[in-house]
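Secondary and tertiary structure notes
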2 protein chains.
Amino acid sequence: MASDHTRSAILAAAERLYADRGFGDVTLRDIVAEANVNLAAVNYHFGSKDELIAELFVTRSIATNRERLHELKAAEVQGGGRAPIEVILRALVGPTLRGCLGPENQRSTAARFMIRASIESVPPIRRIKNREIDHLRKFAGAMRRSLPDRSDVEIYWGLNFALAMAHHTIRESERLTKLSEGKCDLDDVEDVVARVVSVATMALTAGKVEAMAPARALARDAR
Amino acid sequence: MASDHTRSAILAAAERLYADRGFGDVTLRDIVAEANVNLAAVNYHFGSKDELIAELFVTRSIATNRERLHELKAAEVQGGGRAPIEVILRALVGPTLRGCLGPENQRSTAARFMIRASIESVPPIRRIKNREIDHLRKFAGAMRRSLPDRSDVEIYWGLNFALAMAHHTIRESERLTKLSEGKCDLDDVEDVVARVVSVATMALTAGKVEAMAPARALARDAR
DNA sequence: GATAGTTTCATACAACTGTTTGAATTGCAA
DNA sequence: TTGCAATTCAAACAGTTGTATGAAACTATC
């Protein structure tokens, strides 16, 4: 076990390079050069390139998930088992948004890495993401408790849309800035969180979709 | 020019393989094998692998964009220059959703290819996507005309969230199905379109975000 | 201070990649 | 038919990739 210095140097270098240049453009040789380490060290310490990526992603994922669940649990305890839906949604999307948005120069390497992981979906990461469902189920449960009159379908759609707005905004933050000519301020993270939470709350608490049928008919007519 | 047979055989085979297995796993040799064509034919007809991918993506993109603009224009003409916001949003997200969702076995190769293009963001495609902003600007304009009392910032956020819900639902359709244990029916495309349009409409027409401050304060207290 | 186990290192390997080459073939016009 | 351009083809090229090897260096234990 010795010093572990090599191991952590590889992890740090890999995360930095992946964050900066993406998975496709970074080779093991780039990583070991950045880490001032021998090429064979990667396979010695991690087994393979994919396992290195997986370890990076898993580490960051559990950190985010822990943060999410911590916020959720605190809210539910305070609310006697039923947290307000806004607070649940905030616990769901807040940590990720706060980590990945904000002024570019103070965005952490970890956050930039997670953005890459969300943009360039590489096999080892995809495998891990598929196991994230149990984690989401906990939020679905909390949402159901918060909105007992809503059907499961509505809960899941609300959850889906909340994640959609958060992740898409992160992924396409550059494009939104360009499109809006800077009018949408993505550095004001708490504003973004508030917007996402607000819309998701409306999606979950407004009249059921079936009540929106008029809009549907209207659109059909317009064709 | 001769027969063009080789050229279109390559395009068809490439689209099919990319749709099925993703960009990362398909080599030129796979493509020429599938197309029963010589390896050098790709570089002869397209110049490079990236240009082949770009041509595929551009073709499909203009098709979708044309469809979107056709719906939009029709609605604006009928409304005398101002289309209802629901119809605009439907024109924005409808074509993509209809192409990429629905029963798996009847999803076209083209649609499956576009899903891949949205999941695995490969360099040539990313370059093209960045030029899609002008296209989105047309929708922003229509939305502004439809909702003259809304600020630009609100319009752009609404546009962003509408695209977010549509694209994320496509990208993560498998996960949503699994998470909801099939309760969310992604094969009912028109239902999905209606949900997305309905939430986006609420986002654009409901009270301003600032009015949501209570929710924000609430969340702060809960921490 | 010898030994056993861990870690580092230079180097080679084997496979795969997109691309190029130059000759063979085809199709069409004169 | 002849000639010429467009197309196809087999083969090789040049580069890169992740991984494996076996010797060397180190570290801690007895």
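How each quantity is defined
Residues numbered from 1 in each chain as written. Chains lettered and ligands numbered in written order. Predicted model: local features only at pLDDT ≥ 70, side-chain atom pairs only at ≥ 80, totals over all residues. Heavy atoms only, no water. Helix = DSSP H or I, 4+ residues; strand = E, 2+ residues; numbered from the N terminus. Buried < 20%, exposed > 50% of the residue type's maximum accessible area, 1.4 Å probe, protein only. Areas by Shrake-Rupley, 256 points an atom, 1.4 Å probe, with all protein chains shown as cover. Lys, Arg positive; Asp, Glu negative; His and termini not counted. Charge placed at Lys NZ, Arg CZ, Asp CG, Glu CD. Salt bridge = Lys/Arg side-chain N within 4 Å of Asp/Glu carboxyl O. Contact = heavy atoms within 4.5 Å. Buried area = accessible area lost by both parts, 1.4 Å probe. Polar contact = N/O pair within 3.5 Å; in protein donor to acceptor, adjacent residues only side chain to side chain. Nonpolar A, V, L, I, M, F, W, Y, C, P; charged D, E, K, R; others polar. Axes fitted to C-alpha atoms, helices over the stretch in contact; angles between N-to-C directions. Parallel < 35°, antiparallel > 145°, perpendicular 65-115°, else oblique. Least-squares fit on C-alpha atoms with pLDDT ≥ 70 in both. Core = buried A, V, L, I, M, F, W, Y, C linked by side-chain atoms within 4.5 Å. Left-handed = near helix turned anticlockwise from the far one by under 90°.

**Description of the overall build of chain A**
Counting secondary structure elements, chain A contains 12 helices and 0 strands. Ordered by position from N to C terminus, the α and β elements of chain A give α-α-α-α-α-α-α-α-α-α-α-α. Looking at chain A as a whole, 55% of its 223 residues qualify as buried. Working note: accessible area of chain A is about 10100 Å², and carbon and sulfur atoms make up 51% of it. Charge separation in chain A, taken as the distance between the mean sites of 33 positive and 30 negative side-chain charges, equals 4 Å.

**Some thoughts on the pattern of salt bridges**
Pairs can form between side chains of opposite charge once their charged atoms are near each other. Residues and elements named next belong to chain A. What the rule picks out here adds up to 34 salt bridges over all chains. One salt bridge in this structure joins E15 and R60, with 2.6 Å as the shortest N-O distance. Separated by 45 residues along the polypeptide, E15 in helix 1 (residues 5-21) and R60 in helix 4 (residues 49-78) bring together distant segments of the chain. With a relative accessible area of 6%, E15 lands in the buried category. Overall, the relative accessible area of 28% leaves R60 in the partly exposed class. Across the pair R150 and E154 runs a salt bridge, and its minimum N-O distance is 3.2 Å. Residue R150 is classed as buried on the basis of its relative accessible area, which comes to 14%. Through salt bridges with shared partners, a single network forms among E71, R90, R98 and E190.

**A closer look at the interface of chain B and chain A**
With 61 residues of chain B in contact, the opposing surface of chain A contributes 62 residues. At the boundary of chain B with chain A, total buried surface from both sides reaches about 6100 Å², with 66% on carbon and sulfur atoms. Of all residues in chain B, B:W157, B:L179 and B:R195 give up the largest surface area on contact with chain A, accounting jointly for 13% of the area buried on that side. Between chain B and chain A we count 4 salt bridges in total. Its salt-bridge partner being B:D152, residue A:K183 comes within 2.9 Å of it at the nearest N-O pair. Connecting chain B to chain A are 10 residue pairs in polar contact (both at pLDDT 80 or more). Along the lines of polarity and charge, the residues of the side of chain B that touches chain A split into 31 nonpolar, 9 polar and 21 charged.

**Examining the side chain of B:E76**
Position of B:E76 relative to the elements: it lies in helix 4 (residues 49-78). Setting aside anything within four residues of it in sequence, one finds B:E76 in contact with B:G81, B:R82, B:A83, B:A142 and B:R145.

**Quick look at the side chain of A:K129**
The topology assignment puts A:K129 in helix 7 (residues 123-129). Although A:K129 is buried, it forms no salt bridge, and the closest oppositely charged side chain is B:E172 at an N-O distance of 5.3 Å.

**Overview of the packing of helix 5 (residues 85-100) of chain A against helix 8 (residues 133-146) of chain A**
Residue and element names in this part refer to chain A. Viewed as axis vectors pointing N to C, helix 5 and helix 8 meet at an angle of 170°, and their least axial separation amounts to 9 Å. Taken together, the axis directions place helix 5 and helix 8 in an arrangement best described as roughly antiparallel. Contacts from I85, I88, L89, A91 and L92 of helix 5 reach helix 8 at L136, F139, A142, M143 and S146.

**Quick word on the relation of the copies chain B and chain A**
For the match of chain B to chain A, the screw axis carries a shift of 0.0 Å, the RMSD comes to 0.1 Å, and the turn is 180°. What we have between these two chains is a two-fold relation.

**Quick look at the nonpolar core**
Counting residues in each nonpolar core, the largest one holds 152 residues, and the members touching the most others are A:Y18, A:I31, A:L97, B:Y18, B:I31 and B:L97. Those residues in contact with B:I31 that lie beyond four places of it in its chain are B:I10, B:A13, B:A14, B:L17, B:Y18, B:V26 and B:L52.

**Re the packing of helix 8 of chain A against helix 9 (residues 152-171) of chain A**
All names here are of chain A. Relative orientation of the contacting elements helix 8 and helix 9 amounts to 125°, with a least axis distance of 10 Å. On the basis of the axis angle, helix 8 is oblique to helix 9. With respect to the hand of their crossing, helix 8 and helix 9 are arranged in right-handed fashion. Contact with helix 8, carried on its side by L136, F139, A140, M143 and R144, involves D152, I155, Y156, G158, L159 and L163 of helix 9 and no other residues of that element. Taken together, the residues that form the contact of helix 8 with helix 9 break down as 8 nonpolar, 1 polar and 2 charged.

Geometry only, nothing functional implied.
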